[in-house]
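Inside the fold
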Amino acid sequence: MAINFPTSPSTNDTHTENAITWIFNGTSWDAQGEQVTASSIGLGSVDNTSDADKPISTATQAALDDKAEAVFNVKNYGAAGDGSTDDRASIDAAITAANSAGGGTVYFPDGTYMVSKNTGTPKQAISLLSNVAIVGQSREGATIKLLDSVAGDTPVMAADTGGTAENISISNITIDGNKSRPATSTLPTAGEDEGINIKDGQNILIHNVRVKDCAMDGIDLDAGTKIALSNLYVDNNGGAGIHAAGGGTVYLSLTNSQFYSNGDNRIQNGNAEVAKSAANIDLLVSNYVTISNCVSVGGPRPLGIYGGLRTHISNSIFIGGSGYPAVDLRGRATTPSGEATFTNCRIIGHTGSTAQGVEINDSFDEAIFNGCHILGYNGIDVVDGGRLHVNGCTFDGNNHGILIQETNGKEVFIGAGTVFEDALFGNDVRIEDDCKGVIDGIWQKTSGGTGIFFRPESDGKWIVRNVRCETSREVVQIDSGSIGEHVMENIHAPSGAIEIIGSANNTVRNCDIGTLKFNFSGATLNNVIERNKIGAVTPGSSVMSSQKWSENYSVPAGYETSGTATLVAGAVTVNNNIVPSGANISLHRQSVGGAAGHLSIGTITPGTSFEISSSSGSDTSTIFWKIEY
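Throughout what follows, the structure given in this document is the object of discussion.

About the thresholds
- Residues numbered from 1 in each chain as written.
- Predicted model: local features only at pLDDT ≥ 70, side-chain atom pairs only at ≥ 80, totals over all residues.
- Heavy atoms only, no water.
- Pairing = 2+ DSSP bridges.
- Helix = DSSP H or I, 4+ residues; strand = E, 2+ residues; numbered from the N terminus.
- Axes fitted to C-alpha atoms, helices over the stretch in contact; angles between N-to-C directions.
- Buried < 20%, exposed > 50% of the residue type's maximum accessible area, 1.4 Å probe, protein only.
- Polar contact = N/O pair within 3.5 Å; in protein donor to acceptor, adjacent residues only side chain to side chain.
- Contact = heavy atoms within 4.5 Å.

Strands sit in the order β52-β55-β54 across an open sheet of three strands; the sheet is antiparallel. Two strands bound the open sheet, and with one partner strand each, they are β52 (571-575) and β54 (599-605). This sheet shows a mean twist of 20° between the axes of neighbouring strands, independent of strand direction. Pairing of β54 with strand β55 (residues 609-614), which is carried by five bridges, proceeds in the antiparallel orientation. Along β55, the bridge assignment pairs I601 with I612.

So, on to unusual backbone geometry. Backbone phi values are negative for most residues with the exception of glycine, while trans is the configuration of most peptide bonds. For the peptide bond that leads from G299 to P300, omega is 15°, which places it in the cis range. Tracing the backbone shows P300 in the loop between β23 (295-297) and β24 (301-306). You will see that D153, though not glycine, has its phi angle at about 65°, which is positive. With respect to the element layout, D153 can be found in the loop between β10 (142-146) and β11 (157-159). With a phi close to 55°, N466 is a non-glycine residue in the positive phi region. Note on N466: relative accessible area 37%, which makes it partly exposed.

With that out of the way, let us pick up the side chain of H243. Relative to the elements of secondary structure, H243 occurs in strand β18 (residues 242-245). One polar contact links H243 to D282, side chain to side chain, over a distance of 2.4 Å. Here H243 is in contact with D217, I219, D220, L221, R266, S277, D282 and L284, once residues within four sequence places are set aside.

Strand order in the open sheet made by the three strands is β51-β56-β53, with antiparallel pairing throughout. Edge positions in the sheet fall to β51 (562-566) and β53 (584-591), since each has one partner strand and no second. Ignoring strand direction, the axes of neighbouring strands in this sheet form an average angle of 30°. Pairing geometry for β53 and strand β56 (residues 622-628), over seven bridges, is antiparallel. Each bridged residue has a counterpart across the sheet, and for S586 the counterpart in β56 is K626.

Right, here's the structure in full:
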């Protein structure tokens, strides 16, 4: 800042300005007292001579100017953003300049930027380059849209340079594929008519972006690694909303995003493999993927996982339509063929017979569900799968809650607080495979259908325990021909039933049930009924004396394994439905009556009665008896 010294001063003249006093020494003005100078506070390079008002040095200003040049405003390169002018060349010029400078931000002020197809080798409209960030002023205000005249098979923007694209980010912008333009009238043969296509990209960030109205995929990630997607809104694209495919995308995270009605053109493509990828979110052999806090509605499939490993989905909602499952898990010819874990998700299929909540097919290797709410025609339908673990989930409004058709010998676990709220007409759990497993800690709240149903094909080893049912339904039914080993224990169903139609190798232990039903013919052994409280027994044509009954503490008359009988003239016949042929029956005189004699077992009529006799014809003692096995 310049000082307004007097003109033509004399020696020793003084001048005071801004609280500083100056004395003229005959040649120049000297400040009096200790002064703060530009150099003493680090501003020695401030140029007060050429520009008295300049706040910083010329060198510092130049450095800031260099930083400012890292932001490349597309309007400075000629883009109009008026919704009609072809801005492709201007946008490409800004991106090329940023890339040539070693990296930078290409900035789009609010406006609609119409783009044509690149006239060179790349087929996209806009070419994404490494180390360049695409940033809009606002997501709904800044839009890049294909012109009506653009040919089909044109991505709006793509990194397709023949090499690896690195360090690319796209944020705060809308990508509009303009799928209703005349060039897309021959769909679904539009190839890569997509919003964003990045092949083999590394370190890719897409944030707060809307992608809409593309003839095919909204976002196509062919292979690539270290990809972060967040706050997306992807809707009404003919292909997948997100298609993570190619050679397999690795390390992908997707958070806080919404997807609506993507995939119809993939379904119509005519290629079975392409049709499998018709989904809002489509993961094709994608490894180490996390999806959280997302909403996906419609599809045809809200979520499709085709192979891949270590996929974790949490706190998300998937709502399907008719014809396809809400979540479709399909195996791929890899090892493992597919793995997925769902935590705290809501998965809602349609009521149509092909609209499951979750369908597992093509030998998908492992699926885990924790704390999810699942419904559909079948909640989880394992057509051809592997390991299945269901923990703390709720199934509501299903034909079958869980249908197991094929697990390729892998184990199944269902339990830890899983609740079945309702069933339209099927089963809570239906086993039609020779797999093995445990059902532990479930709650059957519905009154219709059968709870757990083992079909004839099921000859694996199963434990069913800690089941609660307070309705008058069949809690467990083992169908005819099932030769598996089924242990049923700690089942609380005082109004419900267990029915054994399959004839052998079953154990009912420590249960409180209203009715135990037998409904097979013949005298097959190896069913064990021990330590139970049973309200009623319906034997059907089964031979009850061929089963092992032991230590049941409350059973109907005739099904006791121990009791008392009083001799009359030294003999008594005890009616008993379960006494076996050649039974070993121990006797103990509980109280003496008359002349006591030596006790012995007389005639045993299997399944009808046995006789107790005394050597004394006047013995009227009360005898405790017990059938020993």
